[in-house]
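Single-letter residue listing:
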Amino acid sequence: MHYKDHLRLMATYSSVMNQRLMDVIAPLPDAELLAPRGAFFDSILGTLNHLIVADLMWLNRFRPQPYGEVLAPLDALPKPKVLADLLYPTLAELKPVRETLDDLYIRFIDQLSDADIAAPLSYRNSSGQPFTKTAGLLLSHVFNHQTHHRGQITTLLSQIGLDIGVTDLAPLVPNIEI
C-alpha cells in the first residue's frame, strides 16, 4: 500500500470511529459526559476535547506549509495552547467541530504529493521543545494518538454500560488491500 493511501485509510477510519462515538454518546446528557471518570482528561467530553485540541494544534502546524492552503477553515476555529483545554463543554458544540476536523484531514491528505509527505516539518510541541519530523510520520502519529484516546473513551463507555461495537480497522473500512 502506498503511504498516501495508508494515511487516507487512517483518516477515513478515524472519521468513521469518531462518528460512531458521537452516535453512541448522543443520548447521554452533557452532565454524564462531563462526569469525572479518572481518565487522563477526566471525562468523556474532556477526552474528546483533548482530541480536538491536539488536532487543532497539529493541523495549524501544517498550515504554514506550501501544501496547507486546504486548511484555511482553521482560521474560524480556536488556537488552543493547553492540551487539556475544554473548548466545547457540550456535545452539541463539539460534534460539528469534530466533523469539520475529520473532513479537513481527509481533504488535506488527498491533496498531498509524495514529496509533501516526505518533507520535513519543523514545529514546537506544547511545551515549546523544537522537533523536525516528516509530514507523513506526523500524520501517522496524529491518527495513532486518536486511536489511543478513543480506546480510553470506549473503556469509559463500557464502564457505564455502553458498547461501541467493533473498533478494528479491517471490518470498519471495507475493501482494504494491504
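Residues numbered from 1 in each chain as written. Predicted model: local features only at pLDDT ≥ 70, side-chain atom pairs only at ≥ 80, totals over all residues. Heavy atoms only, no water.

K.L.:
Now, about the side chain of Gln-146: what can you tell me, with residues and values included?
P.N.:
Relative to the elements of secondary structure, Gln-146 occurs in helix α6 (residues 135-159). Note on Gln-146: relative accessible area 1%, which makes it buried. At a separation of 2.9 Å, a polar atom in the side chain of Gln-146 contacts the side chain of Asp-55. Contacts of Gln-146, omitting those with residues within four sequence positions, involve Ser-14, Asn-18, Leu-51, Asp-55, Arg-98 and Tyr-105. (Helix = DSSP H or I, 4+ residues; strand = E, 2+ residues; numbered from the N terminus. Buried < 20%, exposed > 50% of the residue type's maximum accessible area, 1.4 Å probe, protein only. Polar contact = N/O pair within 3.5 Å; in protein donor to acceptor, adjacent residues only side chain to side chain. Contact = heavy atoms within 4.5 Å.)

K.L.:
Residues and numbers for the pattern of salt bridges, please.
P.N.:
Under the counting rule described, the total for this entry stands at 7 salt bridges. In this structure, Asp-110 and Arg-8 form a salt bridge, with 2.4 Å as the shortest nitrogen-oxygen distance. Residue Asp-110 is located in helix α4 (residues 91-110), and its partner Arg-8 is located in helix α1 (residues 3-25); the two are separated by 102 residues in the primary sequence. Taking relative accessible area as the criterion, Asp-110 reaches 37% and is therefore assigned partly exposed. For Arg-8, a relative accessible area of 33% puts it in the partly exposed group. (Salt bridge = Lys/Arg side-chain N within 4 Å of Asp/Glu carboxyl O.)

K.L.:
Describe in detail the pairing of strand β1 (residues 120-124), supporting the description with residues and values.
P.N.:
The two faces of a sheet get side chains in turn, since along a regular strand they alternate between them. Of the two faces of β1, only one is covered, namely that formed by Leu-121 and Tyr-123; the face formed by Pro-120, Ser-122 and Arg-124 stays uncovered. Strand direction decides the pairing type here: β1 and strand β2 (residues 130-134), joined by 5 bridges, are antiparallel. Counterpart to Pro-120 in the pairing with β2 is Thr-134. Once β1 ends, the chain turns through 5 residues before running back antiparallel as β2, passing Gly-128 with a positive phi of about 90°. (Pairing = 2+ DSSP bridges.)

K.L.:
Outline unusual backbone geometry, listing residues and values.
P.N.:
The backbone of Asp-42 shows a phi angle near 75°, a positive value even though the residue is not glycine. Tracing the chain through its elements places Asp-42 in the loop between α2 (30-34) and α3 (44-62). Overall, Asp-42 belongs to the partly exposed group, its relative accessible area being 38%.

K.L.:
Which residues make up the nonpolar core, and what values do they have?
P.N.:
Core analysis: the largest hydrophobic core is formed by 49 residues, its most contacted members being Leu-48, Phe-62, Leu-101 and Leu-139. Elements with a contribution of two residues or more to this core: α1, α3, α4, β1 and α6. Filtering out sequence-adjacent residues up to four positions away, Leu-101 remains in contact with Ile-52, Asp-55, Leu-56, Leu-59, Leu-74 and Leu-77. (Core = buried A, V, L, I, M, F, W, Y, C linked by side-chain atoms within 4.5 Å.)

K.L.:
Would you mind going over the packing of aromatic side chains in detail, with residue names and values included?
P.N.:
For the coordinates displayed, the defined rule picks out 5 aromatic pairs. With a centroid separation of 5.3 Å and 65° between ring planes, the pair formed by Tyr-105 and Phe-143 is classed as edge-to-face. Taken together, the residues Tyr-105 in helix α4 and Phe-143 in helix α6 connect sequence positions 38 residues apart. Both residues of the pair, Tyr-105 and Phe-143, count as buried. Ring geometry for Tyr-123 versus Phe-131: centroids 5.7 Å apart, planes at 20°, classification stacked. One aromatic cluster in this structure is built from Trp-58, Tyr-123 and Phe-131. Above the plane of the ring of Trp-58 lies Arg-61, whose end atom (NZ or CZ) is 4.3 Å from the centre. (Phe/Tyr/Trp six-rings, centres within 6.5 Å; stacked < 30°, edge-to-face > 60°. Lys NZ or Arg CZ within 6 Å of the ring centre and 35° of its normal.)

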